[in-house]
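If you want the building blocks of each chain, they are given just below.
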Amino acid sequence: MIASPPLKSELHPGSPDLATQLGELVAALEAAVARREFGEFYRLFRASELPFLPVAYEGESRPLFHQCFTALHQLGGVSPATALAIENHFYVSATIATFPTDHDPVLDKRRHALLAAISNGRWLVANTNSKVHGRALGTIGTVARREGDGFRITGQAAYTSLATQGDLLVFITEIEGEGPAVFAIAPMQRNPGIEIGSYLFPSAMLDSDTRRITFHDLFVPEEGLIAGGKSPSTSALFAFEMAWHQLLIPALYLGAAARAIEEVRRFLRSTLGRDKRPLAELDGMVIDVGRLALDYESARSVVRYAGDELGAVRRLPRDAEQLERALYLASGAKYAGTRCAEQVVAAARRIIGARAFADGHPLERLSGEVIFGPLGPEVSAVIERRYGRQALADRPFVGVSAES
Ligand SMILES: Cc1cc2nc3c(=O)[nH]c(=O)nc-3n(C[C@H](O)[C@H](O)[C@H](O)COP(=O)(O)OP(=O)(O)OC[C@H]3O[C@@H](n4cnc5c(N)ncnc54)[C@H](O)[C@@H]3O)c2cc1C
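Everything numeric in this text was worked out from a predicted model, so none of it was measured. Sequence order sets the numbering: in each chain, residues are counted from 1 along the sequence as written. Restriction of local features to residues with pLDDT of at least 70 applies here, the model being predicted, together with a cutoff of 80 or more for giving and counting side-chain atom pairs; totals for whole chains, interfaces and linings are based on all residues.

1. Regarding the overall build of the chain
As a reminder, the rule being used: For the purposes of this entry, the term helix denotes a DSSP run of H or I that reaches at least four residues, the term strand denotes a run of E that reaches at least two, and both are numbered from the N terminus. With C-alpha atoms as the basis for the radius of gyration, the globule rule is written as 2.2 Å multiplied by the number of residues raised to the power 0.38. Buried residues are those with 20 or more other C-beta atoms within 10 Å of their own C-beta, exposed residues have 12 or fewer, and partly exposed residues lie in between; C-beta atoms are placed from the backbone. What counts as a contact here is a pair of residues whose C-beta atoms, placed from the backbone, lie within 7 Å.
When its secondary structure is counted, the chain shows eleven helices and eight strands. Against the compact-globule benchmark of 22 Å for 404 residues, the chain has a radius of gyration of 22 Å, which places it among compact chains. In terms of overall dimensions, the chain has C-alpha extents of about 80 × 55 × 50 Å along its principal axes. Here the chain, with 404 residues, has 43% of them falling under the buried criterion. Excluding contacts between residues fewer than 6 apart, the proportion of contacts in the chain whose partners are at least 24 apart in sequence is 72%.

2. Considerations on the site of the ligand
Stated formally: In this entry, near means the residue's backbone-placed C-beta atom lies within 6 Å of the molecule or strand. Under the grouping applied here, Gly and all other residues not named as nonpolar or charged are polar, the nonpolar ones being Ala, Val, Leu, Ile, Met, Phe, Trp, Tyr, Cys and Pro and the charged ones Asp, Glu, Lys and Arg. For each domain, the first and last residues come from an automatic or database assignment.
Around the ligand, a shell composed of 21 residues is seen, among which Asn-129, Tyr-159, Ser-161, Gly-376 and Ala-381 lie nearest. Elements that contribute at least two residues to the shell around the ligand include exactly helix H5 (80–98), strand S1 (125–128), strand S3 (150–160) and helix H11 (380–391). Its residues placed into classes, the shell around the ligand shows ten nonpolar, ten polar and one charged. The two domains that each donate at least three residues to the shell around the ligand are domain 2 (127–228) and domain 3 (232–391).

3. Re the domain arrangement of the chain
Taken domain by domain, the chain holds domain 1 (18–124), domain 2 (127–228) and domain 3 (232–391). Placing the centre of domain 2 and that of domain 3 at their C-alpha centroids yields a distance of 29 Å. Partitioning the side of domain 2 that touches domain 3 into residue classes produces four nonpolar, one polar and no charged.

4. A look at the pairing of strand S7 (residues 211–221)
In plain terms, the rule: Each pair of strands is called paired provided DSSP finds at least two bridges between the two strands.
Looking at chain direction, S3 and S7 are connected through eight bridges and run antiparallel. Bridging from a neighbouring strand, Ile-153 pairs with Leu-218 of S7. Relative to S7, strand S6 (residues 194–199) runs antiparallel, the two sharing four bridges. Paired with Ile-196 across the strands is Ile-213, a residue of S7.

5. Observations concerning the environment of Leu-18
Following the sequence through the fold, Leu-18 ends up in helix H1 (residues 18–35). A sequence separation of 30 residues divides Leu-18 from Ser-48, and the C-alpha atoms of the two residues are 8.4 Å apart.

6. What to know about the nonpolar core
Applied cut-off: When buried Ala, Val, Leu, Ile, Met, Phe, Trp, Tyr and Cys residues are joined through C-beta atoms within 7 Å, the set is termed a nonpolar core.
Cys-68, Leu-72, Leu-247, Ala-257, Ala-260 and Val-344 are the most contacted members of the largest nonpolar core, which totals 114 residues. Of the residues forming this core, the biggest block, 20 residues, is contributed by helix H7 (residues 232–270). Setting aside chain neighbours within four positions, we find Val-344 in contact with Ala-257, Ala-260, Ile-261, Leu-292, Asp-295 and Tyr-296.

Below, the structure written as structure tokens:
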């Protein structure tokens, strides 16, 4: 198997290198999952340099992507749900840290203020897109109204992961009569204007801490508006943020797939067949596992390739076409990575059999959580339609694929 690139360790000389810190966090997450208590894990996470990689790599999307990929991949191998909560912190703070604005001093000033606050306060960042499960798809449950020198926010949103750990809440809503906008507000906890509600999924993905959230006439001052209105910067920011999200989601689910292959390896090497030889020596098993490893490596390559393409977006609006391409590839990478993860975990379960659900076997948790990969952020039908339209366009398919 191809090893993960080493985590850059020279950010803070004197502290344990990032790979060591990540190793300790993985061990702490194993313990937290076993005890069903995450306080100590989050304490260690905040104390480490991992959450603040986006600040350290400000303006450097490509290396930041690889660092975040490695971290999420390893955490996802223990608990996809917890890694999903952390992915939400990473993708939002990575967007703030690397959005390559050109000639937008207001947005730049706000980005820098947020990065300083995240770093100085050792803040974790939660977010909501304000979607609710209404009768019409895409219904937005919140609204911002202009009031004095700020905005009044009301309404409910279905999804907020990392809900009880987040310090800064970044949220998308509609400014009445103006269109979509993105705001940031702190404190998120114990804020009388923000009610963090019950789990959205009462029995699944509990460790993602995904909860409903209600805004009770929350006042956000003008400086809390990161971007809004019909400016090209705003739509580019939404696209850039979505590309980050679609790239980091498969990192954690592919981590679950890698763990599933590792569990298959352990099982096949330690379990004897009727001929008293390890099952790993059966040629059919070697081929079956080879197929899983190939699927995993292929999906992982697609994700890494798409991550490098986002890294090629260096200045906007100059690189608007490259951003469009990166966004397209990121959606394909998310689709391929999460689909592959689901299939690999299912195949691993069939190889290991019922003992995958006995004695706290990790595959039980992976099985219950990996199925959430294809469900968001973009739903599969949207990505399939995008690729279908491209394939059926006027131009011949040969020569217009994502590689060209
Ligand atoms: C575990 C988890 C954690 C999450 N955490 C957060 C979070 O912290 N913050 C946040 O903002 N969001 C979060 N989300 C939400 C995520 O970003 C997406 O908004 C969400 O996953 C979209 O799924 P949905 O089922 O709500 O979509 P819906 O739009 O309700 O779609 C439901 C179904 O309708 C069909 N459909 C939808 N659109 C189309 C279309 N255009 N064409 C054809 N068919 C269509 C598909 O079959 C789709 O599965 C989370 C989601 C999950 C699963």
